[in-house]
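Structure at a glance
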There are 2 protein chains.
Amino acid sequence: MSQATHPRDGSLEEAPPCRNTKRRLLDAAERLFAERGFEGTSLRALTQAAGTSISAAHYHFGSKEELLRATLERRVAPMNASRLERLDAAERAAAGAPLSVETLVGAYLDPLFEERATHRGSLSDVRFVAARLYSDPPELVSALKRELFGEVSRRFLDALARALPECSRDELGLRFQFGVGCMVHVMSGQIEDAPHAQGRDPLPDDVVHHALVRFLSAGLRAPAGDPR
Amino acid sequence: MSQATHPRDGSLEEAPPCRNTKRRLLDAAERLFAERGFEGTSLRALTQAAGTSISAAHYHFGSKEELLRATLERRVAPMNASRLERLDAAERAAAGAPLSVETLVGAYLDPLFEERATHRGSLSDVRFVAARLYSDPPELVSALKRELFGEVSRRFLDALARALPECSRDELGLRFQFGVGCMVHVMSGQIEDAPHAQGRDPLPDDVVHHALVRFLSAGLRAPAGDPR
DNA sequence: GTCTATATGTTGATAGAC
DNA sequence: GTCTATCAACATATAGAC
């Protein structure tokens, strides 16, 4: 009987066993976590969608929670890097002068809508992923949120404070968060699911994008209220 | 042997076996669904928190999904009724003249913040419940959303269209949704969880409330963009 | 690195006593 | 109306062959 079942030699051709399982897992996780949430997605369904097995997921990520973390991180980190690049570039160009509110809103929003345009129709959509940071269990995502968004929030808030010097820091912090809320709402597909949008053709992305920029810029610039 | 086990007579005193189990179930569901989501909350944990049993929940509501529905409906329906009352009152007072954007934003937001003030510290908080409409599985909540918010959305959009006649209907629909997004974000406690708010005292409710009214009013009134 | 098989616990729902 | 006991299905995670 042939006693040789192990690979004959540690040769170069050693079949690519890993193929791209890790990437496929991340792709499936992105889609399913986005659609049905973390708790709503079983590792079984996820690994089946990725064409692999539960144990492969554990081999690559260790646990379901770590898979979520990796999924969010893969998309959010480059997006935030891009936001900071744009902010840096705009500040260099302005040579010390305060930036306009529109410039800041654009630097924050554009990377999101560009990623969407790039991956149109594909499985990967950062927007839904990012939105999940705001509905998945806080004990899982709030540390990650601080870690991934800490610097971006700080830098943009500082720049906003220079653009709107008459606005108090507290008020500015609130307005920034209001803006994030709008964004998340759009990202998570609520526009299409709105009661009065049922059965109508969804508006093109760039229409939504520009409407959002106008809305946020105007909101951020709102006149200060009397302290009463 | 005494053959009588059934109640002797259909008397008036028949012990109150139901007590208020149904209400306690709704209270627990409200708190737990809000904190950990629908999929993240087990019926076991929920009924235990309510001081009753799983079978009681099935007796009163039939299924976990129906319990969610009842939970959302109990708070959202009266809140939306209150919104419509305010809108009606304002329209009567205006005697045909268009309402101001601030009036409309107030009529929409005030009932939410008032409910919050009323139940401060209690288990029941509409705000989180309503926010769940936007993160729980769409197949569960989107019909309910249409049902509960259909008329309110329509009425407020119509009133907004009269307040902002120069704004296209599509743009107005988008801005309305942007506003809902801000609101949901605030309701779901994201303000306190924001990266730059960590470790700081949370701002008082009425500060947030008035900042939100200013932000939304300004956003809704944003100048129209060029169609490009 | 990937699989099958399994361990161990939890889920929503139901049956039936009282 | 409410309980205890139980169900079948499903969850995440692990062990070990290859």
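Refer to the structure above for everything that follows.
Presented here is an overview of the structure given in this document. All of these numbers come straight from a predicted model, not from anything done at the bench.

1. Some thoughts on the packing of aromatic side chains
Aromatic ring pairs are described here by two measures, namely the spacing of the ring centres and the angle between the planes. All names here are of chain B. Using the criterion set out here, one finds 9 aromatic pairs over all chains in the structure. Measuring from ring centre to ring centre gives 5.6 Å for Tyr 108 and Phe 176, while their planes differ by 85°; the resulting arrangement is edge-to-face. Of this pair, Tyr 108 sits in helix H5 (residues 101–118) while Phe 176 sits in helix H8 (residues 169–187); the two residues are 68 residues apart in sequence, bridging distant segments of the chain. Directly above the aromatic system of Tyr 108 lies the positively charged group of Arg 83, at a separation of 3.8 Å from the ring centroid.

2. Some words on the relation of the copies chain A and chain B
Mapping chain A onto chain B leaves a residual RMSD of 0.0 Å; the transformation is a rotation of 180° accompanied by 0.0 Å of translation along its axis. The operation mapping one copy onto its partner corresponds to a two-fold rotation axis. The position closest to the rotation axis in chain A is occupied by the C-alpha of A:Gly219, lying 2.2 Å away. A shared binding surface is used by both copies, with 100% of the interface residues of chain A retained as interface residues in chain B.

3. With respect to the pattern of salt bridges
Here the structure, examined in full by the defined rule, presents 38 salt bridges over all chains. Two residues, B:Glu102 and B:Arg221, come together in a salt bridge whose shortest N-O distance is 2.5 Å. Residue B:Glu102 is found in helix H5, and its partner B:Arg221 is found in the segment after helix H10 (205–220); the two are separated by 119 residues along the sequence. For B:Glu102, a relative accessible area of 35% puts it in the partly exposed group. Through salt bridges with shared partners, a single ionic network connects A:Arg23, A:Asp27, A:Glu30, A:Arg74, A:Arg75 and A:Glu115.

4. Re the environment of B:Ser168
Residues and elements named next belong to chain B. Examined against the element boundaries, Ser 168 turns out to sit in the loop between helix H7 (138–163) and H8. On the basis of relative accessibility, which here comes to 42%, the residue Ser 168 falls in the partly exposed class. A polar side-chain atom of Ser 168 sits 3.1 Å from the main-chain amide nitrogen of Glu 171.

5. Some points on unusual backbone geometry
Positive phi is not limited to glycine here, since A:Ala95 has a value of about 50°. Residue classification places A:Ala95 among the exposed positions, given a relative accessible area of 66%.

6. Considering the interface of chain A and chain B
Counting from both sides, the interface comprises 54 residues of chain A and, opposite them, 54 residues of chain B. Counting the surface lost from both chain A and chain B, the interface buries some 4300 Å², and carbon and sulfur atoms represent 66% of this. The tally of links between chain A and chain B comes to 6 salt bridges. Notably, a salt bridge pairs B:Arg200 with A:Asp170, separated by 3.4 Å at the nearest N-O pair. Along the contact surface separating chain A from chain B lie 14 residue pairs in polar contact (both at pLDDT 80 or more). Mapped onto the side of chain A that touches chain B, the elements with two or more residues apiece are helix H1 (21–36), helix H7 (138–163), helix H8 (169–187), helix H9 (190–193) and helix H10 (205–220) of chain A. Broken down by element, the residue count for the side of chain A that touches chain B peaks at 14 residues, all from H8(A). Its residues assigned to classes, the side of chain A that touches chain B comprises 25 nonpolar, 16 polar and 13 charged.

7. Brief notes about the side chain of A:Glu30
Residue and element names in this part refer to chain A. Its location among the elements puts Glu 30 in helix H1. Exposure remark for Glu 30: the relative accessible area of 2% places this residue in the buried category. Separated by 2.8 Å, the side chains of Glu 30 and Arg 75 make a polar contact.

8. What to know about H5(B)
Residues and elements named next belong to chain B. Taking 1.5 Å of rise per residue, the 18 residues of H5 would be expected to cover 26 Å, and the 26 Å separating its terminal C-alpha atoms lies within 8% of that figure. Along H5, the residues that are buried comprise Val 101, Leu 104, Val 105, Gly 106, Ala 107, Tyr 108, Leu 109, Pro 111, Leu 112, Phe 113 and Arg 116. Each element contacted by the buried residues of H5 is listed here: helix H4 (64–94), helix H6 (126–132), H7, H8 and H10.

9. Topic: the nonpolar core
Counting residues in each nonpolar core, the largest one holds 128 residues, and the members touching the most others are A:Phe178 and B:Phe178. Sequence-distant contacts of A:Phe178, defined by excluding residues within four places in its chain, comprise B:Cys182, B:Val186, B:Ile191, B:Val208, B:Ala211, B:Leu212 and B:Phe215.

10. Details of the environment of A:Met183
All names here are of chain A. Tracing the backbone through its elements, the reader meets Met 183 in helix H8. Take Met 183: its relative accessible area is 7%, and that puts it in the buried class. Counting along the chain gives 74 residues from Met 183 to Leu 109, while the straight-line C-alpha distance between them is 8.2 Å. Once residues lying within four places of it in the same chain are set aside, the contact partners of Met 183 are Arg 83, Tyr 108, Leu 109, Leu 112 and Leu 212.

Thresholds, definitions, all that
- Residues numbered from 1 in each chain as written.
- Chains lettered and ligands numbered in written order.
- Predicted model: local features only at pLDDT ≥ 70, side-chain atom pairs only at ≥ 80, totals over all residues.
- Heavy atoms only, no water.
- Phe/Tyr/Trp six-rings, centres within 6.5 Å; stacked < 30°, edge-to-face > 60°.
- Helix = DSSP H or I, 4+ residues; strand = E, 2+ residues; numbered from the N terminus.
- Lys NZ or Arg CZ within 6 Å of the ring centre and 35° of its normal.
- Least-squares fit on C-alpha atoms with pLDDT ≥ 70 in both.
- Contact = heavy atoms within 4.5 Å.
- Salt bridge = Lys/Arg side-chain N within 4 Å of Asp/Glu carboxyl O.
- Buried < 20%, exposed > 50% of the residue type's maximum accessible area, 1.4 Å probe, protein only.
- Polar contact = N/O pair within 3.5 Å; in protein donor to acceptor, adjacent residues only side chain to side chain.
- Buried area = accessible area lost by both parts, 1.4 Å probe.
- Nonpolar A, V, L, I, M, F, W, Y, C, P; charged D, E, K, R; others polar.
- Expected span 1.5 Å × (residues − 1).
- Core = buried A, V, L, I, M, F, W, Y, C linked by side-chain atoms within 4.5 Å.

Honestly, that's just the spatial picture; any functional story needs more than this.
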